[in-house]
Amino acid sequence: MRKITDTQRATLGSVLTGIVWQGVMLVSGVLIARILGVEGRGNFALLALFPIVLAQIGSLGLPMAATYYIARDPSNARAIVRSITAPALLQTVILVAIHGSVLAVLIQGASSAFRIASVFTLAMVPVMLAQQYGIAILQGQRHFARFNALRVLPATFYSTAMVVLFLTSGGRLSSITFFWVAALATAAGITLAIAIRGLPKGHSDAGAKVGRAEMIQFGIKGFIGSISPIEAFRLDQAVVGLLLSPAALGLYVVGMAFTNLPRFIASSIGMVAYPHVADQAGGIATRRSTWRFFWFTVAACMPVVLLLEAAVGWLVPLFFGGEFAGAVALARILLVAAMLLSVRRVLSDCVRGAGFPGYGTVAEVASAITLVFALVLFAPGYGVEGVAFAMVCSAGVGLAVLVSLAVIRVPSRTTDTFAIREEAAIVRTR
């Protein structure tokens with residue numbers, strides 16, 4: 001019998017965690033929709049949108065860069081974390097100020113409940129950055145048992161809070177927002193504390209020195225490619241919420257809820273693939289690992305998407321109620337986009353791990369440009385379903401571009417400058 005390798009075990013564990021995460025998130029999604037209704041659910045999604053987008057954009061890919069360099073040289077993890085502390089604090093201050101300015105405009109003429117809820121969300125940018133950095137440190141060290149347990153912790157705390165609200169007072173927009181912030185803040189604090197405490201003591205002189213500027217440059221090159229604009233920036237939800245209506249956004253986010261499972265599975269695979277490929281010696285080993293993870297993602301996500309396409313017609317009314325029946329058609333369209341985005345996500349992680357962070361960024365830029373043109377073409381005539389069609393077009397173009405770059409440009413020999421510098425540093429110590 002073939003022995004399961006550590007990488008295979010980590011990948012399976014990460015996928016199972018992604019499935020659990022989807023189940024936990026489904027619980028909270030159902031409860032919020034039933035408590036708030038269509039319009040209230042749309043308002044909550046709008047409030048959550050801005051801190052999520054700001055934290056993703058404002059991080060400038062630095063957590064992702066930390067994962068890469070820690071994976072290449074785990075013995076120097078503490079020094080790497082120390083070098084990114086000041087930029088991380090600066091990010092937090094600037095982004096909170098931007099978020100406050102956005103909310104000041106958003107709450108003009110809004111209800112008192114919306115105003116109160118918006119104040120609670122001011123804490124979300126530092127909370128999300130803390131979670132990002134804590135998870136990135138654990139991922140780079142390949143401490144996957146702790147990594148998997150802690151990345152599902154925010155959703156677990158959040159869903160627990162929603163169950164309590166649903167069984168007691170029923171909750172309002174302000175109370176749901178407060179418990180959302182409190183749950184995620186608690187989880188982020190635990191994650192960051194465990195990640196820092198687990199850093200190795202001391203410093204290794206054998207590895208190549210990594211400067212702060214080099215890490216920032218790596219992060220900026222790859223940060224757009226490390227996150228899909230649709231998933232991270234929520235461009236589609238912003239269009240629906242700002243140009244259509246809160247009710248349309250409520251239907252859209254319910255349709256999106258059923259696309260989370262394939263995306264979580266792919267994200268879980270990518271979380272293992274990224275540090276694994278980064279740890280390869282380069283050349284043919286890197287190339288093989290890249291395409292092995294790619295095809296594994298296709299095989300893992302395709303059956304899930306097909307099953308959901310068949311079942312979503314009765315799952316939506318079963319979980320969310322009859323008033324959300326309009327989300328069925330949206331879910332079926334968005335599942336196609338989710339499949340394409342899922343495969344692209346893992347391939348982007350792999351090529352970034354191979355030392356080419358810019359490839360994923362090129363694909364995401366192509367995807368974003370396609371999304372803009374597709375929205376102009378489909379949204380005016382088809383409304384919220386037109387936005388979903390635009391998502392499919394965008395995801396397909398982005399995947400095609402990234403596959404082309406990976407086939408042509410991922411080398412069959414070692415060209416990684418980090419590896420060259422590391423070998424030179426070892427020679428100097430002899």
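Calculation rules
- Residues numbered from 1 in each chain as written.
- Predicted model: local features only at pLDDT ≥ 70, side-chain atom pairs only at ≥ 80, totals over all residues.
- Heavy atoms only, no water.
- Helix = DSSP H or I, 4+ residues; strand = E, 2+ residues; numbered from the N terminus.
- Buried < 20%, exposed > 50% of the residue type's maximum accessible area, 1.4 Å probe, protein only.
- Contact = heavy atoms within 4.5 Å.
- Salt bridge = Lys/Arg side-chain N within 4 Å of Asp/Glu carboxyl O.
- Phe/Tyr/Trp six-rings, centres within 6.5 Å; stacked < 30°, edge-to-face > 60°.
- Lys NZ or Arg CZ within 6 Å of the ring centre and 35° of its normal.
- pLDDT = per-residue confidence, 0-100.
- Expected span 1.5 Å × (residues − 1).
- Bend = angle between axes of the 7 residues up to and from the residue.

Caption draft 1: Representation of the overall build of the chain within the structure. Helices and strands together make up the secondary structure of the chain, namely 17 helices and zero strands. For the chain, buried positions account for 57% of its 430 residues.

Caption draft 2: Geometry of the side chain of Thr17. Within the secondary structure, Thr17 is located in helix α1 (residues 6-58). Judged by its relative accessible area of 12%, Thr17 falls in the buried class. If sequence neighbours within four positions are ignored, Thr17 has contacts with Asn148, Arg151 and Val152.

Caption draft 3: Structural context of unusual backbone geometry. Its identity as a non-glycine residue notwithstanding, Leu60 has a phi of 55°, on the positive side. A relative accessible area of 38% means that Leu60 is categorised as partly exposed.

Caption draft 4: Fine view of the pattern of salt bridges. Scanning all chains against the criterion turns up four salt bridges. Put simply, Arg142 and Asp279 hold a salt bridge, and the shortest N to O gap is 3.1 Å. Taken together, the residues span a long stretch of sequence, with Arg142 in the loop between α5 (124-141) and α6 (144-151) and Asp279 in the loop between α13 (260-278) and α14 (284-320) at a distance of 137 residues. Relative accessible area serves as the criterion here: at 41%, Asp279 is assigned to the partly exposed category. Ionic pairing is found between Glu364 and Arg344, a salt bridge with its closest N-O pair at 2.9 Å. Placement of Glu364 in helix α16 (residues 357-409) and of Arg344 in helix α15 (residues 327-353) is noted, with a sequence separation of 20 residues between them. Comparing Glu364 with Arg344 shows no difference in burial state: the two are buried.

Caption draft 5: Region of the structure containing the packing of aromatic side chains. Enumeration according to the criterion identifies twelve aromatic pairs in this entry. Look at Phe120 and Phe178: their rings are 5.3 Å apart centre to centre, the planes differ by 65°, and that puts the pair in the edge-to-face class. Here Phe178 lies in helix α8 (residues 173-197) and Phe120 lies in helix α4 (residues 112-120), a separation of 58 residues in the sequence. Overall, Phe120 belongs to the partly exposed group, its relative accessible area being 27%. When the centroid spacing of 6.5 Å and the interplanar angle of 55° are considered together, the rings of Phe378 and Tyr382 count as tilted. Here Phe378 pairs with Tyr382, and both are found in helix α16, just four residues apart, close to one helical turn. With a relative accessible area of 22%, Phe378 lands in the partly exposed category. Of the residues examined, Tyr382 reaches a relative accessible area of 56% and is grouped as exposed. Through a chain of ring-to-ring contacts, three or more aromatic side chains come together here, namely Tyr68, Tyr69 and Phe218. The aromatic ring of Tyr274 is capped on one face by Arg352, whose charged end is 5.0 Å from the ring centroid.

Caption draft 6: Focus on the confidence of the model for the chain. Per-chain confidence: the chain averages 82 in pLDDT, with 88% of residues scoring 70 or above. Across the chain, α5 holds the top mean pLDDT of 92, while helix α17 (residues 417-429) sits lowest at 41. Contacts from residues 412-430, a stretch scored under 50 in pLDDT, to residues over four places away or in other chains number 24 contacts.

Caption draft 7: Molecular detail of α1. In a regular helix each residue adds 1.5 Å, so 53 residues correspond to 78 Å; α1 covers only 34 Å between its end C-alpha atoms and thus falls short of that length. If you look at α1, its biggest bend is around 115°, right at Gly37. Downstream of α1 by one or two residues, Leu60 has phi in the positive range, about 55°.

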